[in-house]
Amino acid sequence: MILVTGAKGMVGSYLKEIYPKEVLILTDIEELNICNKDQVFSIIEKTKPQIVIHLAAETNVDKCEIEADHAYRINVLGTYFIALACQEYNIEMAYISTGGVFDGNKIKPYTEFDDPNPVSVYGKTKLEGEIAVMSLLDKFYIIRAGWMIGGGKKDIKFVRKIVQLMNEREELSVIDDKFGTITYAKELVSNLKELLETKFYGTYHIANSGMCNRYDIALEIANILGKNTKIKRISSAAFPLPAPRARSEALRNYKLELMGLNKMRPWKEALKDYLKEICI
């Protein structure tokens, strides 16, 4: 039995497809307030899952910067209560973190052996969540993901927005000075499933291979969909936002590679498959 928090989000939308035979307890904020210790302990004691996959988080980077108390409450305190309950009932935990825990100064993609140094409130709260999990548990998986794509019709992030804009405009301006790696949520869930079966606890990066920027992604979307949209390069300075963004959040699945467990495809292949999902 697997208990999942935040199951109505982008990653959670693929759980039933990847786990067709497992018993899943899918919760969201309406069913489980992760900031309520008593509620967290009650549902975990009642269901007694083999593992808790903790997806629930505030992922809006700018909202985290503006409403820091909210970000710390959800991303740190909520994670602390989940980890504390897993400790109490001897349950494994998988915590989904982010490449946003790094400062972006490295030229090459970050590996699991690089030191975190977040520049935003969002990154700081996710790192504190990692620390809570590591300090309380022995049987844990910390999974750092890249720029998430997925969710189908629920998707409100970059890829779907670009597809919509390409249907409405002849020209787009897209930033080219912030780098990262895509993580197709469907492949994340699949690769995570295999990792959980190994019982190789620890911290891992799970992202599709290849470093890119938003401009690269937009060009590839136009190429895949056969769009003639003119795409112009532009600096991120043209789009001032409340939260600072690191120059790079690019990740390499180094530990999975070394262990022969990396099943994440190159980002262009993953993007092509996801576009089929939302455009057909």
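Treat the numbers as computed from the prediction; the structure is a model and nothing was measured. (Residues numbered from 1 in each chain as written. Predicted model: local features only at pLDDT ≥ 70, side-chain atom pairs only at ≥ 80, totals over all residues. Heavy atoms only, no water.)

Participant: Whenever I open this one, the pairing of strand β4 (residues 92–98) confuses me. Can you help?
Facilitator: Along a regular strand, successive side chains alternate from one face of the sheet to the other. Within β4, seven of the seven residues are buried, which leaves it mostly tucked inside the rest of the structure. As paired elements, strand β3 (residues 51–54) and β4 share four bridges and run parallel to each other. In the sheet register, H54 faces β4, and the bridge partner there is Y95. Relative to strand β5 (residues 140–145), β4 runs parallel, the two sharing six bridges. Residue T98 lies in a different strand from β5, and its bridge partner there is A145. (Buried < 20%, exposed > 50% of the residue type's maximum accessible area, 1.4 Å probe, protein only. Helix = DSSP H or I, 4+ residues; strand = E, 2+ residues; numbered from the N terminus. Pairing = 2+ DSSP bridges.)

Participant: Mind showing me how you'd approach the packing of helix α2 (residues 37–47) against helix α4 (residues 68–88) here?
Facilitator: When two helices pack together, their arrangement is captured by the angle between the axes and the distance separating the axes. Contact geometry for α2 and α4: axes closest at 9 Å, N-to-C directions at 40°. By the angle between their directions, the pair α2 and α4 is classed as oblique. In this structure, α2 meets α4 at a crossing whose hand is right-handed. In this structure, α2 contributes K37, V40, F41 and I44 to the contact, and α4 contributes F81, I82, L84, A85 and E88. (Axes fitted to C-alpha atoms, helices over the stretch in contact; angles between N-to-C directions. Parallel < 35°, antiparallel > 145°, perpendicular 65-115°, else oblique. Left-handed = near helix turned anticlockwise from the far one by under 90°. Contact = heavy atoms within 4.5 Å.)

Participant: Just checking my understanding: could you explain the side chain of E112 for this structure?
Facilitator: Here E112 is to be found in the loop between β4 and α5 (121–136). Buried E112, no salt bridge; nearest opposite-charge side chain is K255, N-O distance 6.2 Å. Here Y254 takes part through its backbone nitrogen, which lies 3.4 Å from a polar atom of the side chain of E112. Residue contacts for E112: discarding those within four places in its chain leaves R144, T203, Y204, H205, R252, N253, Y254, K255 and L256. (Lys, Arg positive; Asp, Glu negative; His and termini not counted. Salt bridge = Lys/Arg side-chain N within 4 Å of Asp/Glu carboxyl O. Polar contact = N/O pair within 3.5 Å; in protein donor to acceptor, adjacent residues only side chain to side chain.)

Participant: Even after reading the chapter, I still don't get the nonpolar core, so can you show me in this structure?
Facilitator: Soluble globular proteins tend to bury their nonpolar side chains together. I53, I143, V159, I217 and I221 are the most contacted members of the largest nonpolar core, which has 52 residues in total. Not counting chain neighbours up to four residues away, the residues in contact with V159 comprise I149, I217, I221, L271, Y274, L275 and I278. One finds L3, I91, F140 and I142 within the second-largest nonpolar core, a separate group that totals 26 residues. (Core = buried A, V, L, I, M, F, W, Y, C linked by side-chain atoms within 4.5 Å.)

By themselves these figures say nothing about function.
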